[in-house]
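Okay, here's what each chain looks like letter by letter:
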Amino acid sequence: MIKKRKKTVRRIALIVCVGVICSIGIGYGILSQRMDIHGTANISTKFNVVITSITENNMKDAETVGTPVIVDGITGRIETTLLSTRAKAIYDVTVKNNGNVVVLLSDILGIAETNALEPLDIVAEVSNLSKGAVLQPHEERTFQIVIKEDTSKHPTKLSRTKLLEFSLEFQQKNQ
């Protein structure tokens, strides 16, 4: 009986040892797996947003002095004379994303600065475009610059001409 018991204990010990060795082998195999990836990746981005045109849209008792100018691709310059107190000049400005990345309009510069200059009763404003506007690659968007009299201010008897220089700031939109 003791011999039988010793044989059974040896068999159990042998089965346990084989099980432990197999478990260690499988665990080592799982933990030591290595995956090699070979290859190359080329990432190319092109950031290119430009104003493509500035044109007169609707001129009510107003005249453009000279020709609206696009400076350095993303800055526009418009000089307007208002001929009466109800005058208004509307210009279409077209901007295009020639790049291959999605861009976001982060700021429109020059409007507030222009409105703080004489004549104070002539103001500029932007319509159909605001901060946060998104342009997809190769998308084109037209917005308006409106130059008009601010009726809440006392009209200036001096010059009725206003020079507006504005810039659009874009940044790459994070996905």
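Just above sits the structure.
A brief structural summary. The structure displayed is predicted, hence computed values, not measured ones. (Residues numbered from 1 in each chain as written. Predicted model: local features only at pLDDT ≥ 70, side-chain atom pairs only at ≥ 80, totals over all residues. Heavy atoms only, no water.)

Applying the stated criterion across every chain, the model contains six salt bridges. Linking R141 and E139 is a salt bridge whose minimum nitrogen-to-oxygen distance equals 3.2 Å. Residue E139 is classed as partly exposed on the basis of its relative accessible area, which comes to 23%. Two residues, R160 and E149, come together in a salt bridge whose shortest N-O distance is 3.5 Å. Taken together, the residues R160 in the loop between strand 9 (140-149) and strand 10 (161-172) and E149 in strand 9 connect sequence positions 11 residues apart. Sharing partners across several salt bridges, the network here consists of D121, E149 and R160. (Salt bridge = Lys/Arg side-chain N within 4 Å of Asp/Glu carboxyl O. Buried < 20%, exposed > 50% of the residue type's maximum accessible area, 1.4 Å probe, protein only. Helix = DSSP H or I, 4+ residues; strand = E, 2+ residues; numbered from the N terminus.)

Moving on, we get to the sheet that holds strand 7 (residues 122-127). Taken together, four strands build an open sheet; the order of strands is 1-5-9-7 and the sheet is antiparallel. Both edges of this open sheet fall to strand 1 (49-60) and strand 7, since each of them pairs with a single strand only. Taking the axes of each pair of neighbouring strands and ignoring which way they run, one obtains an average angle of 20° across the sheet. When strand 7 meets strand 9, the two strands line up antiparallel, connected through six bridges. Looking at strand 9, one finds that V126 is bridged to I145. (Pairing = 2+ DSSP bridges. Axes fitted to C-alpha atoms, helices over the stretch in contact; angles between N-to-C directions.)

As a further point, take the side chain of T81. As for its position among the elements, T81 is in strand 4 (residues 75-82). Polar contacts involving the side chain of T81 include one to the side chain of T161, which spans 2.7 Å. Sequence-distant contacts of T81, that is, excluding residues within four places in its chain, are made with D61, A62, E63, V65, R160 and T161. (Polar contact = N/O pair within 3.5 Å; in protein donor to acceptor, adjacent residues only side chain to side chain. Contact = heavy atoms within 4.5 Å.)

Time to look at the nonpolar core. Counting 29 residues, the largest nonpolar core has V95, F143, I145, I147, F166, L168 and F170 as the members making the most contacts within it. Listing elements by their share of this core, those giving two or more residues are strand 1, strand 4, strand 5 (88-97), strand 6 (103-109), strand 7, strand 9 and strand 10. Setting aside chain neighbours within four positions, we find I147 in contact with I78, T80, L82, K88, A89, Y91, I122, V123 and A124. (Core = buried A, V, L, I, M, F, W, Y, C linked by side-chain atoms within 4.5 Å.)

Right, let's talk about a nonpolar patch on the surface for a bit. On the surface, a cluster of nonpolar side chains totalling about 370 Å² of accessible area is made up of I12, V16, V20 and I24. Residue V16 is classed as partly exposed on the basis of its relative accessible area, which comes to 48%. (Patch = residues over 30% accessible without salt bridge, like charges linked within 9 Å, V, L, I, M, F, W, Y side chains within 5 Å. Areas by Shrake-Rupley, 256 points an atom, 1.4 Å probe, with all protein chains shown as cover.)

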